[in-house]
Amino acid sequence: MESAQGWETVGLYGEGGPQWRGVSPRLATARSVVATAVCVPAAALLAGVGIAAGWRPLLWAAAGLAAVWLWLLWLVRRQVSAISFAEQGEELVIRRGRLWRSLVSIPYGRLQLADMQSGPVARHFGLASVEIHTAAARSGGSIPGLPLAEAEALRTRLTERGESQRAGL
């Protein structure tokens, strides 16, 4: 559906409008690995000390931490599946969140810089994030969890579109 100005209407909810592209499901795996690396050793340590010392509150704390870990594994999958973006003729639109939904629209003409980042865990899974910067500090955005080749191609496309849109100003 198009607006009166000829732009495609973008909604905060629903799948209508532009062609939404999600991030890689490997992002959920990478984030789950981090949650596991933090929660499981801590729960095991609490349980071990609780058993050795015979102190029940530590066992309850270990069980609570294990429950938090399971909840995090579920939450990460829900969060990652809610991240999507769409490249339109005049702007890049990024949508994320389930409970607190956000939609960021970045006109290509305002784009100053698109860079890529990849930490050790993301690099292990072949993922990178594309960070979009504009002149206004709060109007940029980021797209995490893209396969490396796709992130490089997106960064190149965004940079080219930004330069061509600025040239017309």
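Attention in this report is confined to the structure presented alongside it. (Residues numbered from 1 in each chain as written. Predicted model: local features only at pLDDT ≥ 70, side-chain atom pairs only at ≥ 80, totals over all residues. Heavy atoms only, no water.)

**A few points about the overall build of the protein**
Phase 1 of the analysis: Broken down by element type, the protein carries four helices and seven strands.
Phase 2 of the analysis: Listing each helix as α and each strand as β along the protein from the N terminus yields β-α-α-β-β-β-β-α-β-β-α.
Phase 3 of the analysis: Within the protein, buried positions represent 28% of all 169 residues.
Phase 4 of the analysis: The long-range fraction of contacts in the protein, counting pairs at least 24 apart against all pairs at least 6 apart in sequence, stands at 52%.
Phase 5 of the analysis: Carbon and sulfur atoms form 62% of the exposed surface of the protein, whose accessible area is close to 10,200 Å². (Helix = DSSP H or I, 4+ residues; strand = E, 2+ residues; numbered from the N terminus. Buried < 20%, exposed > 50% of the residue type's maximum accessible area, 1.4 Å probe, protein only. Contact = heavy atoms within 4.5 Å. Areas by Shrake-Rupley, 256 points an atom, 1.4 Å probe, with all protein chains shown as cover.)

**Remarks on the layout of surface pockets**
It is a probe the size of a water molecule, rolled over the atoms, that shows where empty space is left.
Phase 1 of the analysis: In this structure, the largest pocket encloses a volume near 200 Å³.
Phase 2 of the analysis: If you go around the largest pocket, the residues you meet are Arg31, Trp74, Leu75, Arg78, Gln79, Ala82, Ile83, Arg96, Gly97 and Arg98.
Phase 3 of the analysis: Residues that form the lining of the largest pocket fall into these classes: four nonpolar, two polar and four charged. (1 Å grid on protein atoms, 1.4 Å probe; cavity = no way out; pocket = protein on both sides within 12 Å on 5 of 7 lines; lining within 4 Å. Points joined across faces, edges and corners; volume = space filled by probe spheres on them. Nonpolar A, V, L, I, M, F, W, Y, C, P; charged D, E, K, R; others polar.)

**A few points about the pairing of strand S2 (residues 84–87)**
Phase 1 of the analysis: In this structure, strand S1 (residues 21–22) lies alongside S2, joined through two bridges in antiparallel fashion. Considered in S2, the bridge of Arg21 is made with Phe85.
Phase 2 of the analysis: For S2 and strand S3 (residues 91–96), the ladder comprises four bridges, and the chain directions are antiparallel. Note on S3: the bridge partner recorded for Ser84 is Arg95.
Phase 3 of the analysis: Between S2 and S3, which pair antiparallel in sequence order, lie three residues. (Pairing = 2+ DSSP bridges.)

**Quick word on the sheet that holds S2**
Phase 1 of the analysis: Reading across from one edge, S1-S2-S3-S4 is the order of the four strands in this open sheet, with antiparallel pairing throughout. Two strands bound the open sheet, and with one partner strand each, they are S1 and strand S4 (102–107).

**Examining the side chain of Glu91**
Phase 1 of the analysis: Mapped onto the secondary structure, Glu91 falls in strand S3.
Phase 2 of the analysis: The charged side chain of Glu91 is buried without a salt bridge, its nearest counter-charge being Arg110 at 10.0 Å.
Phase 3 of the analysis: Excluding residues that lie within four positions of it along the chain, Glu91 makes contacts with Val10, Ala86, Ser105, Ile106, Pro107 and Tyr108. (Lys, Arg positive; Asp, Glu negative; His and termini not counted. Salt bridge = Lys/Arg side-chain N within 4 Å of Asp/Glu carboxyl O.)

**Describing the packing of aromatic side chains**
Phase 1 of the analysis: The full count for this structure, using the stated rule, is zero aromatic pairs.
Phase 2 of the analysis: The positively charged end of Arg95 is found above the aromatic ring belonging to Trp20, 3.9 Å away from the centroid. (Phe/Tyr/Trp six-rings, centres within 6.5 Å; stacked < 30°, edge-to-face > 60°. Lys NZ or Arg CZ within 6 Å of the ring centre and 35° of its normal.)

**Here we look at helix H1 (residues 26–53)**
Because an α-helix completes one turn every 3.6 residues, residues spaced three or four positions apart along the sequence face the same direction.
Phase 1 of the analysis: For H1, built from 28 residues, the straight-helix expectation of 40 Å at 1.5 Å per residue is met to within 8% by its first-to-last C-alpha distance of 40 Å.
Phase 2 of the analysis: For H1, the principal kink sits at Thr36 and spans about 25 degrees.
Phase 3 of the analysis: Looking only at H1, the buried set comprises Leu27, Ala28, Ala30, Ser32, Ala35, Cys39, Ala43 and Gly50.
Phase 4 of the analysis: Packing partners of the buried residues in H1 comprise helix H2 (56–81), helix H3 (120–124), strand S6 (127–134) and strand S7 (141–147).
Phase 5 of the analysis: Positive backbone phi, at 70 degrees, marks Gly54, one or two positions downstream of H1. (Expected span 1.5 Å × (residues − 1). Bend = angle between axes of the 7 residues up to and from the residue.)

**Remarks on the nonpolar core**
Phase 1 of the analysis: Core analysis: the biggest nonpolar cluster contains 24 residues, and Leu92, Ile132, Ile143, Leu146 and Leu158 have the highest contact counts within it.
Phase 2 of the analysis: Elements supplying a minimum of two residues to this core: H1, H2, S3, strand S5 (111–117), S6, S7 and helix H4 (148–167).
Phase 3 of the analysis: Contact partners of Leu158, with chain neighbours within four places excluded, come to Leu92, Tyr108, Leu111, Ala114, Val130 and Ile132. (Core = buried A, V, L, I, M, F, W, Y, C linked by side-chain atoms within 4.5 Å.)

**Quick look at a nonpolar patch on the surface**
Phase 1 of the analysis: There is a patch of nonpolar side chains on the surface, built from Val33, Val34, Val38 and Val121 and spanning about 290 Å² of accessible area.
Phase 2 of the analysis: The element contributing the most residues to the nonpolar patch is H1, with three residues.
Phase 3 of the analysis: For Val33, the location among the structural elements is in helix H1. (Patch = residues over 30% accessible without salt bridge, like charges linked within 9 Å, V, L, I, M, F, W, Y side chains within 5 Å.)

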